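Reading the structure
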Amino acid sequence: MKYGFIKVATAIPEVRIADTKFNLEAIEKQIVLAEGQGVEIIVFPEFCITGYTCQDLFRQQLLLDDSEHAMMMLLDFTRQLDIIAIVGIPVCVGPLLLNCAAVVQHGKIIGIVPKTYLPNYAEFYEKRWFASARDLCPTQIHYAGQTVLVTPARQIFRTADGVKFGIEICEDIWSPIPPSNALTLAGVEIMFNLSASTEQIGKHRYLEALLAQQSARTISAYVYSSCGFGESSQDVVFGGNAFIYENGTQIATAERFSLDSQLIVGEVDIEKLRSERRSNTTFVNAQKDMYVDPIGGVLPEKTYINCLPKENPEVEFTLTRKINPQPFIQSEHMEAACEEVFNIQVAGLAKRLLHTNCKTIIIGVSGGLDSTLALLVCVRAFDKLKFDRKGIIGVTMPGFGTSARTRKNAIALMEELGVDMKEISIAPSVTQHLKDIEHDIDLHDATYENAQARERTQILMDLSNKYGGMVIGTGDLSELALGWCTYNGDHMSMYAVNGSVPKTLVRHLVTYVADLSDNAKVAEALHDIVATPISPELAPADEKGEIQQKTEDIVGPYELHDFFLYYFLRHGFHPSKIYYLAGKAFEGKYTGEEIKKWLYTFVSRFFRHQFKRSCLPDGPKVGTVSLSPRGDWRMPSDAHSTNWLAEIEQL
């Protein structure tokens, strides 16, 4: 395991019905391929040794003996291998024939797990040949030259690195209460399923939903392997489904209906799963039910089985799964996500307006991304409430650093949206203020900049008193994380609609509205706002009147900071892991030194500016990450970043 990841594989080998020698060779080939890629656990389909569609051949002693002999050969083959292989076999236990999964490592059978639920409907009639695990008493058997306990108890396997995994077989996952429910609540982090699922119209989509939902509900990884080409097509077809899910998200899948064998490899983030479980109090409370039965019934027994330690040098770890460089952006469903975020923002603002009986809004409009998004939310909220848009008072407040471009866009946007508009220059009042406090106006330091930010906020607050309106905050989540806001300046408002929207998502939201707009001038202004460099415009423009003070030149790229923010808050990862993931996500765009530099900046600023987040105005939460002191994030303002920065320095 590296950086909290364990590499797993789901295999679909070539198969011939009842040809155990051929099937064994196909399995061995895939084990070798997986071992070479550093896979720690590999799962094969149901009855991969014999083929699933043997039907009454399962009553032939020759087939049962040959499958046991094939298992002996597999044990010998894996004697020098660290990989854990899970294969499907028929096993006789006294008068019972069981559909089983055998866990094999270093030439030993670590455990045998019998199938619980046997389908006996439609094209399935397993009860004709097999018994259920429920029919079994714990029995020691001599199988493939080894003595093994076969038990109906829930078996929990533990790797040398402490990763817990469990097994269920095909129909088990389709049952109302799958074995994986009890196993995951008992601590299992990865479920493996050996399956033989037939293909029918619509079934594949249902299966994907079923596995995704079970993985999400149990906050676990789910690795699924199903029979493919080579099984009998006498009455049905097996398409060869293979999936790897992690907490409801599919991270790898096979090609359906392939005529070739397939090996699907993926990395499961165990550290992320553990973090999710610790923070999810519902999961923790559900675990208690595993130990206290409220109705006095019989709780499922559990058996813990330790796998063997590794004996060979580890293969260099490589991460094959794609890391989204913009974790706040759902690229597959972006339009729906944007609409949902807008609706959350609008609903929050609408409730606040109705509660306060307020039909007037005061908002500073700079021509930048954040104030544009906030203005669009205000307009939609007013439309939804059937309020006159003239109740929205947009105020542009040019100062020493305001560029012609942003001022033009701000005015054009307000005019086209039909809101009330005011322009109040802050230059005279700030000049007088700096003179009053005896500050050199040519010294462009924090005092010079913050005086402008606080003057703008004062104007908005005073206008709210004059017109009986509500000041709407425009600052976003990324700025709050970095402390890139002036305390009691743009940091403060009466309702902050963007407070939990990161900068990368703000850009997408504004682009989304621009693309949907049927007003060409609005669309033009919005697209130009998106293309404008991000700046607080508090330092003078250059000789051409263009933006000179660019935020990302000072604090770093927002796409990196949003990436850091997501993994720092959402999962509590080590800085070293965040650095590693960022290197994969932004490979070819940022060097390791650049990522390290800005990660150090992020952590340093995040800790240093907590005091600003301790007194944030109200605002709606739109995603899984929020910095509201009343919601997701509570942190002392005087916490030290020493340990985090020390780890970054060692990268």
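For the structure given in this document, a descriptive report is provided here.

The rules behind each value
- Residues numbered from 1 in each chain as written.
- Predicted model: local features only at pLDDT ≥ 70, side-chain atom pairs only at ≥ 80, totals over all residues.
- Heavy atoms only, no water.
- Pairing = 2+ DSSP bridges.
- Helix = DSSP H or I, 4+ residues; strand = E, 2+ residues; numbered from the N terminus.
- 1 Å grid on protein atoms, 1.4 Å probe; cavity = no way out; pocket = protein on both sides within 12 Å on 5 of 7 lines; lining within 4 Å.
- Points joined across faces, edges and corners; volume = space filled by probe spheres on them.
- Nonpolar A, V, L, I, M, F, W, Y, C, P; charged D, E, K, R; others polar.
- Core = buried A, V, L, I, M, F, W, Y, C linked by side-chain atoms within 4.5 Å.
- Buried < 20%, exposed > 50% of the residue type's maximum accessible area, 1.4 Å probe, protein only.
- Contact = heavy atoms within 4.5 Å.
- Polar contact = N/O pair within 3.5 Å; in protein donor to acceptor, adjacent residues only side chain to side chain.

Strand order across the open sheet formed by five strands is β18-β17-β16-β19-β20, with parallel pairing between neighbours. Two strands in the sheet have a free side with no partner beyond their single neighbour: β18 (420–423) and β20 (495–496). Pairing between strand β19 (residues 470–473) and β20: two bridges, direction parallel. The partner of G473 across the bridge, within β20, is A496.

Volume-wise, the largest pocket comes out at about 1400 Å³. Elements supplying a minimum of two residues to the lining of the largest pocket: β13 (249–253), α6 (270–279), α8 (334–355) and α17 (558–570). It is α8 that provides the largest number of residues to the lining of the largest pocket, a total of five residues. Class assignment of the residues belonging to the lining of the largest pocket gives a composition of 19 nonpolar, 13 polar and nine charged.

Counting residues in each nonpolar core, the largest one holds 91 residues, and the members touching the most others are L349, L375, F564 and F606. If you tally residues by element for this core, the top one is helix α9 (residues 369–385), at eleven residues. The residues contacting F564, other than those within four sequence positions of it, are I578, A582, I595, W598, L599 and F602. Grouped together as the second largest cluster of nonpolar side chains are 37 residues, A34, V39, I89 and Y143 included.

Along the polypeptide, D476 turns up in the loop between β19 and α13 (477–482). The exposure class of D476 is buried, given its relative accessible area of 0%. From its side chain, D476 meets the backbone nitrogen of E479 in a polar contact 2.8 Å long. In this view, D476 contacts D370, N498, G499, V501, K503 and V506; residues no more than four positions away in its chain are not counted.

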